[in-house]
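Per-entry structural report
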Amino acid sequence: MLLLQDISVTFGVTPLLSGAELAIAAGDRVCLVGRNGSGKSTLLRIAAGLVQRDAGDRFVQPGATIHYLPQEPDLSGFATTLAYVEAGFSAEPAADSRHRALYLLKELGLSGEEAPAALSGGEARRAALARALAPSPDILLLGEPTNHLDLPGIERLERELVGMRSGIVLISHDRRLLERISRTTIWLDRGITRILPQGFKAFEPWRDAVLEQEAGEQHKLGRTIAMEEDWLRYGVTARRTRNQRRLAELHALRRKRKEHRAAQGTVRLEAAQADLSGRLVAVAHGVSKSYGGRAIVRNFSTRIMRGDRVGIVGPNGAGKTTLLNLLTGALMPDAGEVRLGTHLAQVILDQRRETLDPEQRLSDALTGGSGDTLTIAGQSRHVVGYMKDFLFRPEQARTPVGVLSGGERARLTLARAFARPSNLLVLDEPTNDLDLETLDLLQERLAEYPGTVLLVSHDRDFLDRAVTSVIATEGNGRWIEYAGGYTDILAQRASAGRGTPPAKASVTKRPRPVTEVRAQPAARARRMSFNDQRALEMLTARVAALQTQIAGLNAVLADPNLYARDPGRFGATTGALAVARDELAAAEEQWLTLEMLREEIDKVGPT
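Residues numbered from 1 in each chain as written. Predicted model: local features only at pLDDT ≥ 70, side-chain atom pairs only at ≥ 80, totals over all residues. Heavy atoms only, no water.

Mean pLDDT over the protein: 81, with 81% of residues reaching 70 or higher. Note on residues 501-525: pLDDT is under 50 here. Beyond four places in sequence and across chains, it has 52 contacts. (pLDDT = per-residue confidence, 0-100. Contact = heavy atoms within 4.5 Å.)

Have a look at this one:
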């Protein structure tokens, strides 16, 4: 139904596509994968007839309908989102067409009555997705359809795509969606397409095997060139004609090696680390928050310890960002208490990129416009070198942020966040627009990160790989924390549906990464002693005093000439710092034990 052959496109000097191909028949399920900037979206737009190719052929079966999901849809000229979706039907919308348009809009969280001018970027994308799906076209071209969808929306999209008869080409970073939908995988790499007649689940081992074979061939090519050069220097020169032929062959080998485009490198993700936070990061006790009479969070309690990786999931509008702001102290609760731990250095990943200035140059976005260097983990680095860590080319330093692709803006946001020292990472939808390789690396770095992570995400695979527990909405402002990832939520909810209560569905919901000091059973300790109450009151001031003392000792040790000038003072200060840190850890441990005892007694009530 659709055929692209030998497609070539060049932007600037480097070819983006050079001989790419794509063939789609009725009912095909194709996932198109490749690194950010490899040309996936361009190839999809060429298939849709929206971009002209430099060379190559495009054939569409006469009468076939093609619908494309735009990255930035234009709803101008339409009175409502329903009118925009109905305009996607090739004929005058009938009653059943109107019904399907409304059904899809409501499935995607819209009513159909929204004015386009008042839509957010995410709402406009959902309206565009409804318009692409509604007519059930012969060929459906979808680029990142899960962006701005919540988890129920993604699951509804999966069911819709599975039931369609259209030939589908899908670009997505959502592994679960790719694994469920695709039956053929096309890998766009360095301008050419390679076809695997299997779904995405088989792609990564196949890709690794292809790259390994290619590396072996390049190694052999280098050895051959070295042998030919050695023969030219020291070989017999009696037969001039033969020598000229071998010289020409050597030049051809060198040209082949020069023209070879190596596989794109890997992003270097290294989060700049601050000093360790206290063992306790945050305690929420009976927290509630409402807006306009609607309960967003109702009587929620949790305890977050250093090293925890906590995911937050729920439908759009459920209050995930509100809960995140409550847990980080950015928002005060209407009732209850949130107590933050000591020595927190928080970095928020602005994945909505609202802080990015589209007119600012890429280098200035990293340095803040103050020269061409920035400080990473206490060391000065040139901005171009740091850009290379995130796969930006040196010539992009002066590129305005506004012309970067979605994937490049995502990497820029990561680069800005990871440059700041932190021991608490707050990530709001970090997976949007990242390629699969960068997503893999982000998961690995989060696993190695010594601090604490709070994560809002709709990516089920990412949640399963990255978090130790998930806080999920149960509706009506009720939130429950489940041990494990998203798959564990489904299993625990299924157990609850069969009459088995979900594991870890109480205030203390998961095993901690460090040994936990448990309160005595409430049956034995229904009230705190006077000494315990007094200690709990005084420990907060004790922790603050120790923190101030540690900061002063660190300031003394920050003098680079201290050891050479006064070795005795250096040794005394280092020893005092070690003692103060031990005392701080002990004080925090004692406070945590007493606080847990107090909470346990409050739950049981007085005898």
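Strands pair in a sheet through their backbones, by hydrogen bonds, and they do so in one of two ways: parallel or antiparallel. The strand order across the open sheet built from six strands is β14-β17-β18-β12-β19-β20, with neighbouring strands paired in mixed fashion. With one partner strand each, in any of the chains shown, β14 (346-349) and β20 (478-483) form the two edges of the open sheet. Put simply, the sheet's adjacent strands are angled 20 degrees from each other on average, direction ignored. In this structure, β14 lies alongside strand β17 (residues 424-428), joined through four bridges in parallel fashion. In the strand pairing of β17, V347 is matched with L425. Contacting β12 (309-313), β17, β18 (452-456), β19 (469-475) and β20, helix α9 (residues 320-327) runs over the sheet at an angle of about 145 degrees to β12. (Pairing = 2+ DSSP bridges. Helix = DSSP H or I, 4+ residues; strand = E, 2+ residues; numbered from the N terminus. Axes fitted to C-alpha atoms, helices over the stretch in contact; angles between N-to-C directions.)

If you walk through the whole model with that rule in mind, you get 23 salt bridges. A salt bridge links D189 to R194; the shortest N-O distance between them is 3.2 Å. Of the residues examined, D189 reaches a relative accessible area of 8% and is grouped as buried. Salt-bridge contacts for R194 lead to E214; the nearest nitrogen and oxygen are separated by 3.5 Å. (Salt bridge = Lys/Arg side-chain N within 4 Å of Asp/Glu carboxyl O. Buried < 20%, exposed > 50% of the residue type's maximum accessible area, 1.4 Å probe, protein only.)

The side-chain alternation of strand β15 (residues 373-376) yields one buried face, formed by L374 and I376, and one unburied face, formed by T373 and T375. Inspection of the sheet shows β15 paired to strand β16 (residues 379-382) by four bridges, in the antiparallel sense. Each bridged residue has a counterpart across the sheet, and for T375 the counterpart in β16 is S380.

Glancing now at unusual backbone geometry. Phi is positive for R190, close to 55 degrees, though the residue is something other than glycine. Along the chain, R190 falls in the loop between β8 (184-189) and β9 (192-196). Judged by its relative accessible area of 13%, R190 is buried. Not every positive phi belongs to a glycine, and N476 is a case in point at roughly 60 degrees. By the secondary structure assignment, N476 is in the loop between β19 and β20. N476 sits in the exposed class, given a relative accessible area of 69%.

The antiparallel open sheet is built from three strands, whose spatial order is β11-β10-β13. In this open sheet, the two edge strands, each paired with only one partner strand, are β11 (294-305) and β13 (335-340). Neighbour-to-neighbour, the strand axes of this sheet turn through a mean angle of 15 degrees, independent of strand direction. In the sheet, strand β10 (residues 280-291) pairs with β11 via eight bridges, with the strands oriented antiparallel. Following the sheet pairing, L280 is matched in β11 by M305. Where α9 meets the sheet, its contacts fall on β10, β11 and β13, and the angle it forms with β11 comes to roughly 45 degrees.

Core analysis: the biggest nonpolar cluster contains 45 residues, and Y386, L412, L425 and L455 have the highest contact counts within it. Considering each element in turn, this core owes the most residues, six residues, to helix α12 (residues 406-418). Once residues lying within four places of it in the same chain are set aside, the contact partners of L455 are V310, G311, I312, L427, P430, F462, L463, A466 and V467. Within the second largest apolar cluster, 40 residues are counted, among which are V33, L104, A127 and L140. (Core = buried A, V, L, I, M, F, W, Y, C linked by side-chain atoms within 4.5 Å.)

We now examine helix α1 (residues 40-47). Along α1, six of the eight residues are buried, which leaves the element largely enclosed by surrounding structure. By the burial criterion, the buried members of α1 are K40, T42, L43, L44, I46 and A47.

We now examine the packing of helix α3 (residues 95-107) against helix α4 (residues 121-133). The angle between the axes and the distance between the axes are what describe a pair of packed helices. Viewed as axis vectors pointing N to C, α3 and α4 meet at an angle of 140 degrees, and their least axial separation amounts to 9 Å. The two elements α3 and α4 cross, and the hand of that crossing is right-handed. The residues of α4 that touch α3, namely those facing R100, L104 and L105, are A127, A130 and L133. Classifying every residue of the contact of α3 with α4 by side-chain character gives five nonpolar, no polar and one charged. (Left-handed = near helix turned anticlockwise from the far one by under 90°. Nonpolar A, V, L, I, M, F, W, Y, C, P; charged D, E, K, R; others polar.)

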